[in-house]
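# Residue-level structure breakdown
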Amino acid sequence: MTKVAYSDTFLVDKAKALVPKLRERAKETEEIRRIPEATMNDLKEAGLFKLLRPSIYGGYQTSMRTYSDCIVEISRGCASTGWILSLCAIRELMVAESFSEKTHQEIFGENEDNVLFAGVYEPRKCIARKVEGGYLIEEGFWMFCSGSLHATWGYFGMAIRDDEGNLVDQALMTLPFEELEIMDDWHVMGLKGTGSNSVKMTNVFIPDHRVVSFPEVLNGTFKSDHLREIPLYSTALFPSLALSLALPGLGLVKAALEFFQDTLPNRKAAHIGIENLRDSPTMHSLLADAALKIDTASMHYYRVADELDAWAASGEFMDKPARVRALADIGYANQVSKEALDILILASGSGYVYEGHPLQRIFRDFWTLYSHRTLSPLITKENYGRVLSGLESNALRY
């Protein structure tokens, strides 16, 4: 595919300008276990939640490349904030592609500036039954709902079964967030400020027009007929969702490298025969390795973003082999990002173990992100290897 390499620079500049504020608020963000209202207001005033929203609903309708640039910049300042922006903004793409104009009018019709999405596809429990005009969710429970404390609309996955209990389809539904109950259970090691609490539903009615087949959406069958002429809304969804989970990690390791370089001139060496750490040939090699690994991760992530944009612009839906490779790119980039961070942590010495040390927060946040199964280097590489061997991917969704 022809690569698309451009950026709406004014949006990226807005994101970059927020980095100093986000770093100042990082400690507070962890302590209150949510994004501070001042930060939410800054993100909203900059329009960053609307990066991927259709322009007819007040959005910027930009590209995956610009979206990626903005997420990385915000995550350089604060990973929790970057994570929330990344996931809430990518939901704008998901909802725009997946649902009909009627649903969009319900969501955006009254106050488009107030709309913010959060949700989770995989339920831990969901008892749903078909009723006249829609579905009744008798009982539903979803963990890891990032953005739950700020959202006005949600999306959630559910299984659709026939009268005998056989699985018929995997569905995606959307509903006002006020119809859910938010649990206060996000007590975690990293990404503490994301407020990724569990949510539950009890006897909630979802009308038919707010329910779509998720497998159909993942394969490019969209209900948004009124947006078919806009290339962005033909973007392959699952690789985009995976990219949204991974990009904050790139911002994190970039921040780690910046911190290391900023503090290096003041570091004294010990036990290696020189006075200043910056004069150590071993340190030079380690620092180069870390920087090159971060560059490698960037190239893989941006290859995915550019491929997503190029396929969307081509008028053809991204084919399965390309989607499998995109997921492998993401998994591999996640792995080399970890390797870069490992180098920087080990090279920094044991000072990072103190609470409040910037590298400790980066370490905890990155490991929380790195462990997400969608980003698994092993799983994504195995499936890519199967395709390279002429076999089908083992992944259920891609």
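Treat the numbers as computed from the prediction; the structure is a model and nothing was measured.

## What to know about unusual backbone geometry
Phi angles above zero are rare outside glycine, and Gln61 is one such case at about 50°. Structurally, the position occupied by Gln61 is in the loop between helix H3 (37-45) and helix H4 (64-77). For Phe144, which is not a glycine, the phi torsion comes out positive at approximately 60°. Inspection of the secondary structure assignment puts Phe144 in strand E3 (residues 134-145).

## With respect to helix H11 (residues 358-370)
With 13 residues, H11 extends 18 Å from end C-alpha to end C-alpha; this agrees with the ideal 18 Å at 1.5 Å per step. Within H11, burial applies to Leu359, Gln360, Arg361, Ile362, Arg364, Asp365, Phe366, Leu369 and Tyr370. Tucked inside the fold, the buried residues of H11 contact helix H2 (19-32), helix H5 (79-98), helix H8 (237-263), helix H10 (320-348) and helix H12 (377-388).

## Some thoughts on empty space enclosed by the protein
Tallying each qualifying case throughout the model produces one cavity of 30 Å³ or more. The volume enclosed by the largest cavity comes to roughly 30 Å³. Among the elements that line the lining of the largest cavity, the one with the most residues is H10, at four residues. Considering only residue class, the lining of the largest cavity consists of three nonpolar, no polar and three charged.

## Observations concerning the environment of Leu369
The topology assignment puts Leu369 in helix H11. Along the primary structure Leu369 and Ala79 are separated by 290 residues, whereas in three dimensions their C-alpha atoms are 9.5 Å apart. Those residues in contact with Leu369, other than ones at most four positions away along the chain, are Trp83, Leu191, Leu245, Ala246, Pro248, Gly249, Asn334 and Leu375.

## Regarding the side chain of Asn197
Here Asn197 shows up in strand E7 (residues 197-207). With a relative accessible area of 2%, Asn197 lands in the buried category. Side-chain polar atoms of Asn197 contact the backbone nitrogen of Asp185, separated by 3.2 Å. When neighbours within four sequence positions are excluded, Asn197 is seen to be in contact with Trp142, Phe144, Cys145, Ser148, Leu149, Ile182, Met183, Asp184, Asp185 and Trp186.

## Describing the environment of Ala171
Tracing the backbone shows Ala171 in strand E5 (residues 167-176). For Ala171 and Val212, which are 41 residues apart along the polypeptide, the C-alpha to C-alpha distance reads 5.5 Å. Discounting residues that sit within four places of it in the chain, Ala171 has contacts with Tyr121, Phe156, Gly157, Met158, Ile160, Val211, Val212 and Phe214.

## Looking at the sheet that holds strand E1 (residues 117-120)
Within the open sheet, the four strands sit side by side as E1-E4-E5-E8. Their pairing is mixed. Each having just a single partner strand, E1 and strand E8 (211-213) make up the two edges of the open sheet. Direction aside, neighbouring strands of the sheet carry axes that sit 30° apart on average. Where E1 lies against strand E4 (residues 153-161), four bridges are found, and the strand directions are parallel. Across the sheet, the residue bridging to Val120 is Phe156, located in E4. Together, E1, E4, E5 and E8 form the strand contacts of H5, whose direction differs from that of E1 by roughly 80°.

Cut-offs applied
Residues numbered from 1 in each chain as written. Predicted model: local features only at pLDDT ≥ 70, side-chain atom pairs only at ≥ 80, totals over all residues. Heavy atoms only, no water. Helix = DSSP H or I, 4+ residues; strand = E, 2+ residues; numbered from the N terminus. Expected span 1.5 Å × (residues − 1). Buried < 20%, exposed > 50% of the residue type's maximum accessible area, 1.4 Å probe, protein only. Contact = heavy atoms within 4.5 Å. 1 Å grid on protein atoms, 1.4 Å probe; cavity = no way out; pocket = protein on both sides within 12 Å on 5 of 7 lines; lining within 4 Å. Points joined across faces, edges and corners; volume = space filled by probe spheres on them. Nonpolar A, V, L, I, M, F, W, Y, C, P; charged D, E, K, R; others polar. Polar contact = N/O pair within 3.5 Å; in protein donor to acceptor, adjacent residues only side chain to side chain. Pairing = 2+ DSSP bridges. Axes fitted to C-alpha atoms, helices over the stretch in contact; angles between N-to-C directions.

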